[in-house]
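The primary structure of each chain is shown beneath.
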Amino acid sequence: MSEFIRNDGTFSLSLTLDEAHILINLAEQLLELLGEGDFAHHYENNDPFAQLMAMQQERAPPEDPVLKRLLPNAYSDPEAADDYRRYTEPALRLNKQTGLRTIREALTVLVDNDEAGTIENLDPQLWLKGINDLRLALSVRLDIDADSFETFENMPDENPQKAIYAVYFWLGWLQENLLLLLTSQ
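Residues numbered from 1 in each chain as written. Predicted model: local features only at pLDDT ≥ 70, side-chain atom pairs only at ≥ 80, totals over all residues. Heavy atoms only, no water.

Novice: I would appreciate a short explanation of the layout of surface pockets in the present structure.
Specialist: A probe matching the size of a water molecule, rolled over the atoms, marks out where space remains unfilled. For the largest pocket, the calculated volume is near 320 Å³. Around the largest pocket, the lining comprises 15 residues; the ones closest to its centre are Leu26, Gln29, Ala137, Leu138 and Arg141. Looking at the lining of the largest pocket, the elements that each hand over two or more residues are α1 (17-33), α6 (124-142) and α8 (160-183). A per-element tally of the lining of the largest pocket places α1 first, with six residues. Partitioning the lining of the largest pocket into residue classes produces 11 nonpolar, three polar and one charged. (1 Å grid on protein atoms, 1.4 Å probe; cavity = no way out; pocket = protein on both sides within 12 Å on 5 of 7 lines; lining within 4 Å. Points joined across faces, edges and corners; volume = space filled by probe spheres on them. Helix = DSSP H or I, 4+ residues; strand = E, 2+ residues; numbered from the N terminus. Nonpolar A, V, L, I, M, F, W, Y, C, P; charged D, E, K, R; others polar.)

Novice: Would you mind going over the pairing of strand β2 (residues 10-15) with me for this structure?
Specialist: Remember that side chains alternate between the two faces of the sheet whenever the strand is regular. With five bridges connecting them, strand β1 (residues 3-7) and β2 associate as antiparallel partners. Opposite phenylalanine 4, over in β2, you have leucine 13 as the bridge partner. What sits between β1 and β2 in their antiparallel hairpin is a turn of two residues, with aspartate 8 showing a positive phi close to 55°. The pairing of β2 with strand β3 (residues 117-119) spans three bridges and is antiparallel. Among the inter-strand pairings, serine 14 is bridged to a residue of β3, identified as threonine 118. (Pairing = 2+ DSSP bridges.)

Novice: I tried to follow the nonpolar core on my own but got confused; where do I start?
Specialist: In globular proteins that are soluble, nonpolar side chains generally tend to be buried together. One finds Phe4, Leu107, Trp127 and Leu171 to be the most contacted residues of the largest nonpolar core, which totals 42 residues. Residue assignment for this core shows that the elements contributing at least two residues are β2, α1, α4 (65-70), α5 (78-112), α6 and α8. Residue contacts for leucine 171: discarding those within four places in its chain leaves Leu23, Leu26, Ile131, Leu134, Arg135 and Leu138. (Core = buried A, V, L, I, M, F, W, Y, C linked by side-chain atoms within 4.5 Å. Buried < 20%, exposed > 50% of the residue type's maximum accessible area, 1.4 Å probe, protein only. Contact = heavy atoms within 4.5 Å.)

Novice: What is the right way to read the pattern of salt bridges from this model?
Specialist: A side chain of one charge can pair with a side chain of the opposite charge when the charged atoms of the two come close. Using the criterion set out here, one finds six salt bridges in the structure. Arginine 86 is the partner of aspartate 83 in a salt bridge, and the nearest nitrogen-oxygen pair spans 2.4 Å. Separated by three residues within a single helix, aspartate 83 and arginine 86 lie in helix α5, roughly one turn from each other. A salt bridge links glutamate 89 to arginine 93; the shortest N-O distance between them is 2.8 Å. You can see glutamate 89 and its partner arginine 93 sitting in helix α5, four residues apart, about one turn around the helix. Overall, the relative accessible area of 5% leaves glutamate 89 in the buried class. When salt bridges with common partners are traced through the structure, they connect Arg85, Glu89 and Arg93 into a single cluster. (Salt bridge = Lys/Arg side-chain N within 4 Å of Asp/Glu carboxyl O.)

As structure tokens, then:
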């Protein structure tokens, strides 16, 4: 079973190969939805003109419900929301992509070695952000509400949705585990 561990101020994650595969798959799906790489070239480039031109592009609100949750409008006024989105969305997407890439790259090492193991010296904030984004995405797709755990418990084991709900609740446990380690002395 997966578990975050804090030792002398450093953080590590111990998990099985199957758990690593699940997290990699989820991270890759969300990276694809976020348009992995769509904005990175503008912000990895030190050219101020390229960065300025990237910010001036109009940004329509996303249509996908997951992206609406991850990249919400800041204002109800459409013009103010467009202005805010134009200046913040590229950096917000890049920030989310960075957390998800960090997760994917660290887990890929375990998968490439074809064995369960421990990821050492991980950045807990990046992992927390990445896990949170994965949970938010799944919560939208599953239409999670206050009764969802009861729904999950009452599902027959043959229901293919049961495994997805289990992953959602497992991510919640991982998130809680890491939060408790971050907030404990």
